[in-house]
Amino acid sequence: MALPPEVCIRGAGIVGRTLALLLARERVRVALVAPAGGTARKDVRAYALNAASKALLESLRAWPDAAHATPVREMLVHGDGGGRVHFQARRHAVDALAWIVDVPALERQLADAVRFAPQVEVVDSPVAAPLTVVCEGRASATRELLGVHHEVTRYPQHAIAARLEAETPHDDTARQWFDAQGEVLALLPLGGPGSRHLALVWSVDQFRAPELMALDADAFCERVREACGGALGAFTLTSERAAWPLQRATAERWIGRFPAGDDGRPGGTWALAGDAAHTVHPLAGQGLNLGLADAAGLAQVIRSRDYWRSVGDERLLRRYERARRADVLAMGLATDGLQQLFSHTLEPLPQLRNWGMRGFDRTRLIKNWIARQAMGLA
Ligand SMILES: Cc1cc2nc3c(=O)[nH]c(=O)nc-3n(C[C@H](O)[C@H](O)[C@H](O)COP(=O)(O)OP(=O)(O)OC[C@H]3O[C@@H](n4cnc5c(N)ncnc54)[C@H](O)[C@@H]3O)c2cc1C
């Protein structure tokens, strides 16, 4: 890149790379910080991405092929006392409720797209630019350095993720079971239509997680089979297991200005995006959807700026912060509410929630509204 970068993006995860490609499309010069080395461990997760995320990634030619992005035509959510909610794509006049995307495949697509973007230079340490966007994930060191308060609520749960093969095909259905202890088991369809491959995300009590992680493969699969009442027959474990502590968090400030440099000149501005700005419980599969919406929102305010404004103009950044904060707050409250609702064992809550689920399943209007929010179509 002959001219200096206008935007420096710290962190080349899915959000950082997506933002780099969006800005490059607007002919903004980007330095993308991706320290050499990185982790060699393959991510066993698969993400539920909504229609808005799919459209965004497709526009960047970064959407994985059909074998790595499985449409969810139906979704079954089971409560602990017989309550059940059933979503069907055709009822909402859409092709799919979400797509379950293999994480390494998506990361590869994005890395390839970045390689062919002439406006993006991959660098191994931060460079000065009018705007720095921090996409370093939930444990962002730059956010710490900037002294931004990070409000964290820890759930007493860990999420275990793994890949399974089931005895029976998944029928393009995502299934979730909430139990009376607030644990949530999700089995998400993978490998394309008709396959028997699944991504598991099991949010369990933090003290039970080590025990489940230490079980041998057969014993672990038997526990999963019990937890879902044998819904898909027996399972085979097809990957390693990995676990994450769960939290809901939001940074107090999402934008700001670096302190003046040693030469007395004011520093550039900064903005947080993706998990560096916020995290939510994975039970609704919305964390990355929110992060991609951050990238789209920031690129949008930069694209629509007056020609004389710099990309680091604080007024633009404030617009970004206002819009995205509201969205993230709503999603954080919704996932937190669900988690709380299922973590209480005192009567009459267990009865009420199952009664509520049955009632909700019959209420076409509200159900339609919730489904459209989750699909990113609202
Ligand atoms: C079990 C589980 C299941 C989930 N399922 C879903 C789902 O179904 N749907 C969904 O939408 N979301 C889901 N999420 C949330 C999703 O994982 C995150 O929201 C998403 O990964 C955030 O992406 P990111 O790019 O902001 O951060 P990250 O993925 O954390 O990427 C940050 C990047 O920055 C790099 N980095 C860190 N520090 C520095 C530094 N100092 N300098 C330079 N680079 C740095 C890291 O190496 C990494 O590459 C799930 C989360 C969990 C834990």
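In this report, we go over the structure that sits alongside the text. All values reported here derive from a predicted model rather than from experimental measurement. (Residues numbered from 1 in each chain as written. Predicted model: local features only at pLDDT ≥ 70, side-chain atom pairs only at ≥ 80, totals over all residues. Heavy atoms only, no water.)

Across the sheet, which stays open at both edges, the 6 strands sit in the order β8-β2-β1-β9-β17-β16 with mixed pairing between neighbours. Each end of this open sheet is capped by a strand with a single partner; those strands are β8 (120–123) and β16 (255–257). Shown here is a sheet whose adjacent strand axes are inclined to one another by a mean of 20°, direction ignored. Across 3 bridges, β16 lies against strand β17 (residues 269–272) in antiparallel orientation. Note on β17: the bridge partner recorded for Arg-257 is Thr-269. (Pairing = 2+ DSSP bridges. Helix = DSSP H or I, 4+ residues; strand = E, 2+ residues; numbered from the N terminus. Axes fitted to C-alpha atoms, helices over the stretch in contact; angles between N-to-C directions.)

Applying the stated criterion across every chain yields a total of 18 salt bridges. In this structure, Asp-102 and Arg-163 form a salt bridge, with 2.8 Å as the shortest nitrogen-oxygen distance. Of this pair, Asp-102 sits in strand β7 (residues 98–102) while Arg-163 sits in strand β10 (residues 150–166); the two residues are 61 residues apart in sequence, bridging distant segments of the chain. Residue Asp-102 is classed as buried on the basis of its relative accessible area, which comes to 9%. For Arg-223, the salt bridge is made with Glu-211, and the minimal N-O distance between the two is 2.8 Å. Separated by 12 residues along the polypeptide, Arg-223 in helix α6 (residues 217–227) and Glu-211 in helix α5 (residues 209–214) bring together distant segments of the chain. Under the relative-accessibility criterion, Arg-223 is labelled partly exposed at 27%. Each of Arg-73, Asp-95 and Asp-172 takes part in a single network of salt bridges with overlapping partners. (Salt bridge = Lys/Arg side-chain N within 4 Å of Asp/Glu carboxyl O. Buried < 20%, exposed > 50% of the residue type's maximum accessible area, 1.4 Å probe, protein only.)

Near the ligand there are 23 residues, and of these Tyr-47, Ala-48, Asp-275, Leu-288 and Asn-289 occur at the shortest range. In the environment of the ligand, a nitrogen atom lies 3.3 Å from a nitrogen or oxygen atom belonging to the side chain of Glu-136. The separation between a nitrogen atom of the ligand and a polar main-chain atom of Gly-287 is 3.3 Å. With the chains in place, 77% of the 1000 Å² that the ligand exposes on its own is no longer accessible. Listing elements by their share of the shell around the ligand, those giving two or more residues are α1 (14–25), β3 (46–49) and α7 (287–303). Examining the composition of the shell around the ligand, we find that 3 residues originate from one element, α7, more than from any other. For the shell around the ligand, the per-class residue count stands at 12 nonpolar, 8 polar and 3 charged. (Near = heavy atom within 4 Å. Polar contact = N/O pair within 3.5 Å; in protein donor to acceptor, adjacent residues only side chain to side chain. Areas by Shrake-Rupley, 256 points an atom, 1.4 Å probe, with all protein chains shown as cover. Nonpolar A, V, L, I, M, F, W, Y, C, P; charged D, E, K, R; others polar.)

Moving on, we get to helix α3 (residues 103–115). In this model α3 runs 18 Å from its N-terminal to its C-terminal C-alpha over 13 residues, within 8% of the 18 Å that 1.5 Å per residue would give. For α3, the set of buried residues is Val-103, Pro-104, Ala-105, Leu-106, Leu-110, Ala-111, Ala-113 and Val-114. If you check the start of α3, you find a side-chain oxygen 3.1 Å away from the backbone N of Ala-105, and it comes from Asp-102. (Expected span 1.5 Å × (residues − 1).)

What follows covers the sheet that holds strand β4 (residues 69–72). Strand order in this open sheet of 3 strands is β3-β7-β4, and the pairing throughout is antiparallel. Across the chains shown, the open sheet's two edge strands, defined by having one partner strand only, are β3 and β4. For this sheet, the mean angle separating the axes of adjacent strands, direction not counted, is 25°. Looking at chain direction, β4 and β7 are connected through 4 bridges and run antiparallel. Counterpart to Ala-69 in the pairing with β7 is Val-101.

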